[in-house]
Structure formats: C-alpha cells, structure tokens
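Listed here are the chains, written in short residue letters.
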Amino acid sequence: MQGCHLKCKYCQNRDTWSTSTNNLISVSELVEKINRYEKYIKPSNGGVTISGGEPLLQIEFLISLFEELKSLGYHTALDTSRNVYNK
Ligand code: SF4
C-alpha cells in the first residue's frame, strides 16, 4: 500500500513513500484481483499479505479488505512498522 513517513535509510520500497501518488482502487476491485489466484492460494495454504509503505495509514480500507478476505476464507497477514502518525 502506498505511503510511509518513516523514510528508513535502507528501505527497499522507496517508491511507496509518497502519500500523494494516486492509484486508487476499491476493496471490491482488489478482492476481485485476489480471487483470480484463489485456486493457487487456498490449496497451497497460502494467504494474502498486505505490505507497503505503511498499510496502517489507510486503516479503514485495510479493515474492510481484511473483513472481506476473511469472509471468503483467506488467511491474512499484515506487514507494518506500526507507525501511524499523520504528517
Ligand atoms: S517502514 Fe518499511 S516501508 Fe517505511 S521506510 Fe521503513 S522500511 Fe520503508
């Protein structure tokens, strides 16, 4: 997910830092994309990991996404620094 304020010196995802980049997608659009891989994800006991950037900067979207994925039987994981202050 886009946006991170920490700017860690050795970050390998510097393209995710900006919070002004607009590539908007709805929860339903993202779930549809994820569902394309369902036949691989579920039999392999895999799941969906949300990373960034800092996903918690978009917590309302994240909660909706995880609720939807859980209702569809996906395992979920969150990769976060837990840094949620707003600049
Ligand atoms: S918290 Fe993660 S994404 Fe953000 S700058 Fe640090 S390493 Fe990069």
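See above for the structure.
Participant: Looking at this model, I keep getting lost on the overall build of the chain. Mind explaining?
Facilitator: Check the secondary structure of the chain and you find three helices and two strands. Expressed as a percentage of contacts within the chain between residues at least 6 apart in sequence, the contacts between residues at least 24 apart total 72%.

Participant: Hey, could you run me through helix α3 (residues 59–71) in this one?
Facilitator: Helical geometry: 3.6 residues make up each α-helical turn, so side chains three or four residues apart lie on a common side. Between the first and last C-alpha of α3 there are 18 Å, a value that for 13 residues agrees with the 18 Å anticipated at 1.5 Å per step. Positive phi shows up at Gly73, right after α3, with a value of about 90 degrees.

Participant: How should I be thinking about the pairing of strand β1 (residues 47–50) in this particular structure?
Facilitator: Within a regular strand, side chains alternate between the sheet's two faces. Across four bridges, β1 lies against strand β2 (residues 75–78) in parallel orientation. Along β2, the bridge assignment pairs Ile50 with Leu78. The handedness of the β1 to β2 crossover, carried by α3, is right-handed.

Participant: Is there a simple way to explain the environment of Lys7 in this structure?
Facilitator: Within the secondary structure, Lys7 is located in the segment before α1 (27–35). Accessibility expressed as a C-beta count within 10 Å gives 8 for Lys7, which makes it exposed. Between the C-alpha atom of Lys7 and that of Gly53, which follows or precedes it by 46 residues, the distance is 9.4 Å.

Participant: Is there a simple way to think about unusual backbone geometry in this case?
Facilitator: Keep in mind that most residues, glycine aside, have a negative phi and that most peptide bonds are trans. Following Gly52, the chain continues into Gly53 via a peptide bond in cis, with omega recorded as 5 degrees. Structurally, Gly53 is set in the loop between β1 and α3. Here the phi dihedral of Lys7 falls at roughly 50 degrees; this positive angle occurs in a residue that is not glycine. Of note, Asn45 is a non-glycine position whose phi angle comes to about 60 degrees, a positive value.

Participant: Where do I start with the environment of Thr21 in this structure?
Facilitator: Its location among the elements puts Thr21 in the segment before α1. Along the sequence, Thr21 and Thr76 sit 55 residues apart, while their C-alpha atoms lie 25 Å from each other.

Criteria and thresholds
Residues numbered from 1 in each chain as written. Predicted model: local features only at pLDDT ≥ 70, side-chain atom pairs only at ≥ 80, totals over all residues. Helix = DSSP H or I, 4+ residues; strand = E, 2+ residues; numbered from the N terminus. Contact = placed C-beta atoms within 7 Å. Expected span 1.5 Å × (residues − 1). Pairing = 2+ DSSP bridges. Right-handed = clockwise from strand over helix to strand, strands pointing away. Buried ≥ 20, exposed ≤ 12 C-beta atoms within 10 Å, placed from the backbone.

This is a description of form; function is not addressed.
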